[in-house]
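Examination of the molecular architecture
So the chains spell out like this:
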Amino acid sequence: MANAQTSAPRRGISPSESGPSGNQRANAQVAVLLPLPLSGAYHYLVPPDLDLAPGDIVRVPLGGREVAGVVWEPDAAAPAVPPEKLKTVVLRYDVPALPPVQRRFVEWVAGYTMSARGAVLRMALSVPAALDPPRPATGYRPAPGAAEHAEVKLTPARRRVLAELANGPARPLAELSRAAGVTPGVVKGLQAAGVLETVSLSNALSFAAPDPERPGPPLSPDQAAAAAALRARAGDGGFSVTLLDGVTGSGKTEVYLEAVAAALGAGRQVLVLLPEIALSAQWLERFAARFGVRPATWHSEMTMAQRRATWRAIAFGEARIVVGARSALFLPYAELGLIVVDEEHDAAYKQEDGVIYHARDMAVVRGRLGEIPVVLVSATPSLETVVNLRSGRYRGLHLAQRHGGASLPEVSLVDLRRDPPPRIEGHGQSWLSGALRTAIREALAEGEQALLFLNRRGYAPLTLCRTCGHRLQCPRCTAWLVEHRLAARLQCHHCGYVAALPESCPECGQPGTLAACGPGVERLAEEAATLFPEARRAIMASDTLPGPSAAAELLQAVQDREVDLLIGTQIVAKGHHFPYLTLVGVVDADLGLFGGDLRAAERTYQLLHQVAGRAGRAAHAGRVLIQTAEPAHPVMQALAQGARDAFLAVEAETRECAGLPPFGRLAALILSGADAPAVEAAGTALARQAPRGDGIAVLGPAPAPLAVLRGRHRRRFLVKTRRDIAPQRLIQAWLARVELPRGVRLQIDIDPYSFL
Ligand code: ADP
Ligand code: ZN
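Because the structure is a prediction, the values reported are computed rather than measured.

Mapping Ala619 onto the fold places it in the loop between α16 (600-612) and β28 (623-628). Between the C-alpha atoms of Ala619 and Arg233, which are 386 residues apart in sequence, the distance is 34 Å.

Close to ligand 1 lie 16 residues, the nearest being Pro218, Gln223, Gly249, Lys252 and Arg286. Here Thr253 contributes a side-chain N or O atom positioned 3.1 Å from an oxygen atom of ligand 1. In the model, an oxygen atom of ligand 1 is placed 3.2 Å from a nitrogen or oxygen of the Arg617 side chain. Coverage of ligand 1 by the protein amounts to 81% of the 550 Å² it exposes when considered alone. Take the shell around ligand 1: its biggest share by element is three residues, from helix α8 (residues 252-265).

Turning our eyes to something else, we now look at the coordination of the zinc ion (ligand 2). At 2.2 to 2.3 Å from the zinc ion (ligand 2) lie its protein donor atoms, namely Cys474 (SG), Cys477 (SG), Cys492 (SG) and Cys495 (SG). In this structure, the zinc ion (ligand 2) is coordinated by four donor atoms arranged in tetrahedral fashion, with angles at the metal of 106 to 115°. Taken in chain order, the donor set of the zinc ion (ligand 2) reads C-x2-C-x14-C-x2-C. Of this pair, Cys474 sits in the loop between β20 (462-465) and β21 (482-484) while Cys492 sits in the loop between β22 (489-491) and β23 (498-499); the two residues are 18 residues apart in sequence, bridging distant segments of the chain. Judged by relative accessible area, which is 1%, Cys492 ranks as buried.

Time to look at the environment of Pro83. Its place among the elements puts Pro83 in the loop between β4 (65-72) and β5 (91-92). Taking the C-alpha atoms as reference points, Pro83 and Thr628, separated by 545 residues in sequence, lie 71 Å from one another. Not counting residues within four places of it along the chain, the set of residues in contact with Pro83 comprises Asn27, Gln29 and Leu45.

With that settled, consider the pattern of salt bridges. Enumeration according to the criterion identifies 29 salt bridges in this entry. Note that Arg290 and Glu258 form a salt bridge whose closest N and O atoms lie 2.8 Å from each other. Of this pair, Arg290 sits in helix α9 (residues 281-291) while Glu258 sits in helix α8, and the two are 32 residues apart along the sequence. When sorted by exposure, Arg290 lands in the same class as Glu258, which is buried.

Taken in spatial order, the three strands line up as β7-β6-β8 in an open sheet, and their pairing is antiparallel. Either end of the sheet is taken by a strand with one partner, and the two such strands are β7 (171-172) and β8 (196-201). Of the strand pairs in this sheet, strand β6 (residues 137-142) and β7 are connected by two bridges, and their pairing is antiparallel. By the bridge assignment for β7, Tyr140 is matched with Arg171.

Moving on, we come to the pairing of β28. Burial analysis of β28 places five of its six residues in the buried class, the great majority of the element. With six bridges connecting them, strand β18 (residues 410-415) and β28 associate as parallel partners. Pairing of Glu410 across the sheet is with Arg623, part of β28. Looking at chain direction, strand β27 (residues 581-586) and β28 are connected through four bridges and run parallel. Bridging across to β28, Val584 finds its partner in Val624. One crossover worth recording links β27 to the parallel β28 by way of α16, and it is right-handed.

This next bit is on unusual backbone geometry. That bond from Pro661 to Pro662 is cis: its omega, 5°, falls within 30 degrees of zero. Residue position: Pro662 is located in the loop between α18 (644-658) and β29 (664-673). In this model, Met114 sits at a positive phi of 60°, which is unusual for a non-glycine residue. By the secondary structure assignment, Met114 is in the loop between α2 (100-113) and α3 (117-124). You can call Met114 partly exposed: its relative accessible area is 21%.

With that settled, the discussion passes to the nonpolar core. With 76 residues, the main nonpolar core has Leu271, Trp311 and Met362 as its most contacted residues. No other element matches the seven residues that α2 contributes to this core. Residues within four places of Trp311 in sequence aside, it is in contact with Ile57, Ala124, Leu125, Ser126, Val127, Ala130, Leu131, Trp298, Leu331 and Pro332. Core analysis: the next-biggest nonpolar cluster, separate from the first, contains 36 residues, Val411, Phe453, Leu566 and Val572 among them.

Turning our eyes to something else, we now look at the side chain of Thr721. With respect to the secondary-structure elements, Thr721 resides in strand β31 (residues 712-722). At a separation of 2.9 Å, a polar atom in the side chain of Thr721 contacts the main-chain carbonyl oxygen of Ile725. Look past the residues within four positions of Thr721 in its chain and what remains in contact with it is Gly664, Arg665, Gly695, Ile696, Pro727 and Leu730.

We now examine the sheet that holds β5. Hydrogen bonding along the main chain pairs the strands of a sheet, whether they run parallel or antiparallel. Strand order in this open sheet of five strands is β2-β1-β4-β3-β5, and the pairing throughout is antiparallel. Taken across any chain shown, the strands that pair with only one partner, and hence form the sheet edges, are β2 (42-45) and β5. Note: strand β1 (residues 29-33) against β2, four bridges, orientation antiparallel. Following the sheet pairing, Val32 is matched in β2 by Tyr42. Its contacts with the sheet put α2 on β1 and β4, and the angle it makes with β4 is roughly 100°.

Counted at 1.5 Å a residue, the expected span for α2 with its 14 residues is 20 Å, and the 20 Å between its end C-alpha atoms agrees. Most of α2 is tucked away, with twelve of its 14 residues classed as buried. Looking at α2, one finds that the buried residues are Val101, Gln102, Arg103, Phe105, Val106, Glu107, Trp108, Val109, Ala110, Gly111, Tyr112 and Thr113.

Another aspect to go through is the environment of Ile440. With respect to the helices and strands, the residue Ile440 is situated in helix α13 (residues 434-445). Distance in space between the C-alpha atoms of Ile440 and Leu452 is 9.2 Å, their sequence separation being twelve residues. Ignoring sequence-local partners within four residues, the contact set of Ile440 consists of Leu432, Leu452, Phe532, Leu565 and Leu583.

On to α9. Along α9, the residues that are buried comprise Gln282, Trp283, Leu284, Phe287, Arg290 and Phe291. Count one or two residues on from α9 and you reach Gly292, which has phi positive near 85°.

Definitions and cut-offs
- Residues numbered from 1 in each chain as written.
- Chains lettered and ligands numbered in written order.
- Predicted model: local features only at pLDDT ≥ 70, side-chain atom pairs only at ≥ 80, totals over all residues.
- Heavy atoms only, no water.
- Helix = DSSP H or I, 4+ residues; strand = E, 2+ residues; numbered from the N terminus.
- Near = heavy atom within 4 Å.
- Polar contact = N/O pair within 3.5 Å; in protein donor to acceptor, adjacent residues only side chain to side chain.
- Areas by Shrake-Rupley, 256 points an atom, 1.4 Å probe, with all protein chains shown as cover.
- Donors = N, O, S within 2.8 Å, 3.2 Å for Na, K, Ca; no water.
- Tetrahedral: all angles 85-135°; square planar, octahedral: opposite > 155°, others 65-115°.
- Buried < 20%, exposed > 50% of the residue type's maximum accessible area, 1.4 Å probe, protein only.
- Contact = heavy atoms within 4.5 Å.
- Salt bridge = Lys/Arg side-chain N within 4 Å of Asp/Glu carboxyl O.
- Pairing = 2+ DSSP bridges.
- Right-handed = clockwise from strand over helix to strand, strands pointing away.
- Core = buried A, V, L, I, M, F, W, Y, C linked by side-chain atoms within 4.5 Å.
- Axes fitted to C-alpha atoms, helices over the stretch in contact; angles between N-to-C directions.
- Expected span 1.5 Å × (residues − 1).

Listed below in structure tokens is the structure:
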């Protein structure tokens, strides 16, 4: 399945092997892969004064503009192009060449995901501005003897600037004025008055080297054994994949930070992937406490200036450790020596558009190509990883106990059919059962914290008319509009469409008959306010937290016990450590259990186990109440009995019988277009040519569950093959036999995780 090219890098490409003479040099050509959705490289002439080698990052003309690209190994099959038809490379950027392993990685990912090589390269060259040397930055700081300028009038704005600079380093103009809440003119005025002076800032400052020699906390014997094994693998280098499997709160982070220390100590760079970097303030603090500096981070909320500086620091090897979301995997590391994938089971690692890839799987590929160790970390490892462990492909390390003698929480099920939520006088529908209400009261009375988990954003997932039954639907998607009452609007969770809640039913015109159906976290918060008016409550959902700093503030407030009752979606499940949180209530455990997703049971188990794992992580024991209408379901039974491995065994058996991943392979083909008949016709044409054979099944075309998305009609095929048959080749041959009508787009999703 790999189509990695393994040609060795060559220095100085020239048309003749006999050595470059002046004349021949003038005719030298190079293949340049451009970060555009193209599979082939383009040829360019090399100017006589440049000596180019594969990996060099160059600027080349393309159409009427100039773009950055990477000199690639020449494609032997490509026809020779007469030199007079070629344009000439403009320049080579003064940045390190893309290392061979990175180029092979681009090739491999493109081949596996069936994407254009250029589209994968674009993820490595994601910050073209970083290729140019940074403009020397100027910082402002108090001038020596500034105190003598007693005659200078200090307005409140000027005082704020000076307060910002007190005891801190010099800061650039834009940042300083933003922090002080003044216009840049105020800062410049202070400089003109002699109170501030300017100095040149070095960019490297922000990527101070972590100190791997600093001691970590004393480890328990179990932790120490796991840490020693990881340290050895990280220090020696060489490819290996290790699953660090430990119960929630067992100190997995402390343990893998030892591996990080070993790799740093061996002079290598380290990448730690986290599923939700915006929620990782606690993690960053722990890292800083361990190594003395904050790591470089890479995620979607960064400013352009941060991206530029970070990209360069990684490419030049100044950033020794990078903590990032999945896209950080493609950055041009100078000397990557270890990859850690924390919460490896998390679905956020799957990139669902553009180049569709799974960052955990591609991290393993990157590890293999770079011959470096990979550590996968989870309390609820994916079935894929567990099967690789059993077959001996991966190694395993296990932490069976929580750190510091904390016990695992006691999990009990609340049968919603037998114990339905009692009505509250003067309040609409209710979602909290008597048992859960009592448990919350008890926790609050003890001065402890409680968490209510409901994996649904907004106020209500559906709004319908009580008169005519009309349901408010997204005009562009096959989806209901979700009411977000705090933001006072309706929203489509698939395309981002927003609208005001209408006064009257758009179908029958009756005023005041639209009713909310079902709960979201906002509605749950309303019930909590009625039942527990004295508790300090907070909602935690991706849309109620406008950015990473808001998330960090709320997490800090919970840690500081400024919140008694936290109500949240899946973002509360992720890795947080709240010592005083002792009760977790799962409001509707059945939400993700049904539907056509082969991983529905596995995911529900993982999510609920992780949420449950937030309870009782420190001195106080935790309790978990799971409300379900399906108490006999294997997922609920496994949660209640703490029988993870038994659950995984049954899940594995079911998948194996059905030939589903990880025992068989899946690929999805999604056709979409504005014109429904054209999409249908494309489906029919493809179906006629579908591959056949032993161990191959093609299902579809079927209308996708999201039959219309953003106004585009969608149909799906699912290609199912035996494990030893690579679907990529079948699909490639298949598509070569069919011409798709214009306006119909085909997306290929290898190893699909979404079936919508
Ligand atoms: P996990 O990731 O396995 O759920 P964490 O790594 O978050 O667990 O550890 C849980 C808590 O226990 C954290 O606050 C962590 O700092 C603390 N902890 C774990 N191991 C140790 C140790 N050896 N010494 C001190 N604190 C530890
Ligand atoms: Zn929509």
